[in-house]
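# Summary of the model geometry
Residues per chain are reported as follows:
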Amino acid sequence: MRIEERRTRWVDEQPRTRWVDQSAFRHPRPDLRLGARSHRVERPAATTPDRISVRHTVTTSTAEYTLLLNAPDWLGHRGVGEALRDAVAELRAVDLTYGPNQPDSLVSRLRRDEISPDSYPPLADLVDRCAAMRAATDGWFDAWAVPGGFDPGGLLGGWAVERAAARLRAAGVHDYAVLSGADLTVRGHAAHGGPWRVAVHHPTEVRRAPLVLEMTAGAVGTSGVSGRRGHVVDPHTGEPTDRLVAATVVGPDLAVADAYATALYAAGPAGLAWFRDGSDYRALFAHRR
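Scope of this entry: the structure provided in the associated data block.

Conventions and cut-offs
- Residues numbered from 1 in each chain as written.
- Predicted model: local features only at pLDDT ≥ 70, side-chain atom pairs only at ≥ 80, totals over all residues.
- Heavy atoms only, no water.
- Buried < 20%, exposed > 50% of the residue type's maximum accessible area, 1.4 Å probe, protein only.
- Helix = DSSP H or I, 4+ residues; strand = E, 2+ residues; numbered from the N terminus.
- Pairing = 2+ DSSP bridges.
- Axes fitted to C-alpha atoms, helices over the stretch in contact; angles between N-to-C directions.
- Parallel < 35°, antiparallel > 145°, perpendicular 65-115°, else oblique.
- Left-handed = near helix turned anticlockwise from the far one by under 90°.
- Contact = heavy atoms within 4.5 Å.
- Nonpolar A, V, L, I, M, F, W, Y, C, P; charged D, E, K, R; others polar.
- Salt bridge = Lys/Arg side-chain N within 4 Å of Asp/Glu carboxyl O.
- Expected span 1.5 Å × (residues − 1).
- Polar contact = N/O pair within 3.5 Å; in protein donor to acceptor, adjacent residues only side chain to side chain.

Here we come to the pairing of strand β9 (residues 211–215). Most of β9 sits inside the fold, with 4 of its 5 residues counted as buried. Two strands pair when backbone bridges link them, and strand β8 (residues 196–200) and β9 are joined in this way by 5 bridges, in the antiparallel orientation. Bridge pairing in β9 places A199 opposite V212.

Here it is in structure tokens:
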């Protein structure tokens, strides 16, 4: 009975992101910080009882991920370990199976016309998401306009994180954060029992106060903080573009937020029009260079 009660509490939970008034923020130390090029995890001041807290970092060929799990004690250490291994395996599998830099990946085979997009359901989902984001951004996110052919890199990392997060939920872990560079997705509650408190720092103005978010479900995607100018291509001209210093987008899904951030970085201020009319996504930073 105890397990069922704990599980059903998540059924009706709605995603929530709240922008905190900095002057009224009662908790000066956030749980997570997103900086110019990376993230930082703060040491929790206190933890709630009957929870198992785990922190793990995994590195693939393209990214480093940090997973923070705040799991119910009924899952047990073995169950939490299995959930963590499953999520890590998914991150590694996406890197090997879909990475455009892997010569034998499905994406590379698709680029060589050896397979079709519908050959594998996850590949079809990835292609469909890229097509949807191309339409949503007026063509500024275009995985088919990259030199060499189809390249979903602008949303692949977020897609991998969301797939790993789905593995955590399937295993019974509904309180977690998964971070990669200046990107993250969170759900549920932090170790202290409240919403995840995320401080998003300006990409270049280090003395500027960060934006503080309280999140029980949502994602933050960023483009342009790698330090490599010209790494994003204008899909309309094929030339490198850097109209903005960086672009940061917040919303429900990290793959979508990542794609929006990449497109906004390429399009510049004109891309702010995508976030009007009740959009679930919002641009946090979009400053001209």
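That covers the picture; the talk isn't over yet.
Turning to the packing of helix α4 (residues 121–136) against helix α5 (residues 153–170), a few remarks are in order. Relative orientation of the contacting elements α4 and α5 amounts to 130 degrees, with a least axis distance of 11 Å. Comparing their axes, α5 and α4 come out oblique. Handedness of the crossing formed by α4 with α5: right-handed. On α5, the residues that touch P122, D125, L126, R129, C130 and M133 of α4 are L155, L156, W159 and R163. Per-class residue counts for the contact of α4 with α5 are 7 nonpolar, no polar and 3 charged.

Notably, D113 is not glycine yet its phi reads approximately 60 degrees, a positive angle. One non-glycine residue, D138, lies in the positive phi region at around 55 degrees. Considering the arrangement of structural elements, one finds D138 in the loop between α4 and α5.

Turning next to the environment of G158. Its place among the elements puts G158 in helix α5. Sequence separation between G158 and L179 is 21 residues; the distance between their C-alpha atoms is 9.8 Å. Setting aside anything within four residues of it in sequence, one finds G158 in contact with L254, A255 and D258.

Applying the stated criterion across every chain, the model contains 10 salt bridges. R129 is the salt-bridge partner of D125, the closest N and O atoms lying 3.4 Å from each other. Of this pair, D125 and R129 both sit in helix α4, 4 residues apart, which is roughly one turn of the helix. Given the relative accessible area of 31%, D125 is considered partly exposed. Via salt bridges that share partners, D86, E90, R163 and R167 belong to a single interconnected network.

Moving on, we get to α4. An ideal rise of 1.5 Å per residue puts 22 Å on 16 residues; α4 measures up with 22 Å between its terminal C-alpha atoms. All buried positions along α4 are accounted for by L123, A124, L126, V127, C130 and M133. For α4, the secondary structure elements touched by its buried residues are α2 (76–98), α3 (106–111), α5 and α6 (254–267). Downstream of α4 by one or two residues, D138 has phi in the positive range, about 55 degrees.

Turning our attention to the packing of α2 against α5. Following both chains from N to C, one finds α2 and α5 inclined at 150 degrees, their axes separated by 8 Å at the closest point. Accordingly, the angle class assigned to the pair α2 and α5 is roughly antiparallel. The interaxial crossing formed by α2 with α5 has right-handed handedness. Contact with α2, carried on its side by A83, L84, D86, A87, E90, L91, V94 and Y98, involves L156, W159, A160, V161, R163, A164, R167 and L168 of α5 and no other residues of that element.

With 14 residues, α6 extends 20 Å between its outermost C-alpha atoms, agreeing within 8% with the 20 Å of an ideal straight helix rising 1.5 Å per residue. Most of α6 is tucked away: 14 of the 14 residues are buried. For α6, the side-chain oxygen to backbone nitrogen distance between the N-cap and A255 is 2.9 Å, and the N-cap itself is D253. G268, located one to two residues past α6, shows a positive phi value of around 80 degrees.

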